[in-house]
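Residues per chain are reported as follows:
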Amino acid sequence: MTSKFFGFLDRMKLIDRWALMRNTAKEDVAQHTMQVALIAHALCVIENKLYGGKLDAEKAAVLALYHESAEVVTGDLPTPVKYYDADINRAYKNIEERAEKKLIETLPDELKECFAPCVQPDKTSQEYVMVKRADKLSALIKCAEELAANNNEFKSAYDSTLKILSIAPEKSVKYFIDVFLPAYSESLDYLLDE
């Protein structure tokens, strides 16, 4: 028996993000997923090392790798549409859950119990919460990069995303914004300068 599972996931690279906005640089779901995995891992490490957390950074990174897996079936629905009202949000969550189940069903039976928690994680776990924070930070980074390229289309998204992140209770989020975010909108020459 062959499985379609990783064939589906490989299609993340074909799904563009920010489709309703003018972009100076395209971003696909695979790129986004990798960035979210890096940030989720970093948030957990920062929380543990600097603020006494007890998070599993590797688990957070793995959850991040799968956090957009439903989009290989649904595509990427823009945030303003997804959260337009409660009815649309509920309907989309239902579609997303069905897509996740469909994806899990493509796995060989002997592997379903291993991958199902990645595709449909416990959304109350602290590691998953960090993935959600990393997802927002990834959006903030995209907005910062676009603004640095003089694309004011992303100004409102930057402001609203920063506002959401500013009330996150995890100290690692503020630390990441203060310490790491500024470098994302800098030139390569600046990054290489000693």
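Preceding this section is the structure that the text describes.
(A) Highlighting the packing of helix H2 (residues 29-51) against helix H10 (residues 171-179). At a closest axis distance of 9 Å, the pairing of H2 and H10 adopts a crossing angle of 110°. As the angle between them shows, H2 and H10 are arranged roughly perpendicular. As for the relative orientation of H2 and H10, their crossing is right-handed in sense. On H10, the residues that touch Ile39, Ala42, Leu43, Ile46, Glu47, Leu50 and Tyr51 of H2 are Lys171, Ser172, Val173, Tyr175 and Phe176. When grouped by side-chain class, the residues that make up the contact of H2 with H10 number 9 nonpolar, 1 polar and 2 charged.

(B) How the structure looks around the layout of surface pockets. Counted as a void, the largest pocket has a volume near 930 Å³. For the largest pocket, the lining is made up of 36 residues, of which Thr79, Lys82, Tyr83, Asp135 and Lys136 are closest to its centre. Broken down by secondary-structure element, the contributors of at least two residues to the lining of the largest pocket are helix H5 (79-82), helix H6 (86-105), helix H8 (126-148) and helix H9 (155-166). Here the lining of the largest pocket is composed, by residue class, of 17 nonpolar, 5 polar and 14 charged. If you add up the space inside the second largest pocket, you get close to 200 Å³. Around the second largest pocket, the lining residues are Thr24, Ala25, Lys26, Glu27, Gln31, Gln35, Lys142, Glu145, Glu146 and Ala149. Elements with a contribution of two residues or more to the lining of the second largest pocket: H2 and H8. With 3 residues, the top contributor of residues to the lining of the second largest pocket is H8. By residue class, the composition of the lining of the second largest pocket is 2 nonpolar, 3 polar and 5 charged.

(C) Examining the side chain of serine 125 more closely. Relative to the helices and strands, serine 125 resides in the loop between helix H7 (109-119) and H8. Within the structure, serine 125 has its side chain in polar contact with the backbone nitrogen of tyrosine 128 (distance 3.1 Å). For serine 125, the contacting residues outside a window of four places in its chain are Lys59 and Leu63.

Rules used throughout
- Residues numbered from 1 in each chain as written.
- Predicted model: local features only at pLDDT ≥ 70, side-chain atom pairs only at ≥ 80, totals over all residues.
- Heavy atoms only, no water.
- Axes fitted to C-alpha atoms, helices over the stretch in contact; angles between N-to-C directions.
- Helix = DSSP H or I, 4+ residues; strand = E, 2+ residues; numbered from the N terminus.
- Parallel < 35°, antiparallel > 145°, perpendicular 65-115°, else oblique.
- Left-handed = near helix turned anticlockwise from the far one by under 90°.
- Contact = heavy atoms within 4.5 Å.
- Nonpolar A, V, L, I, M, F, W, Y, C, P; charged D, E, K, R; others polar.
- 1 Å grid on protein atoms, 1.4 Å probe; cavity = no way out; pocket = protein on both sides within 12 Å on 5 of 7 lines; lining within 4 Å.
- Points joined across faces, edges and corners; volume = space filled by probe spheres on them.
- Polar contact = N/O pair within 3.5 Å; in protein donor to acceptor, adjacent residues only side chain to side chain.

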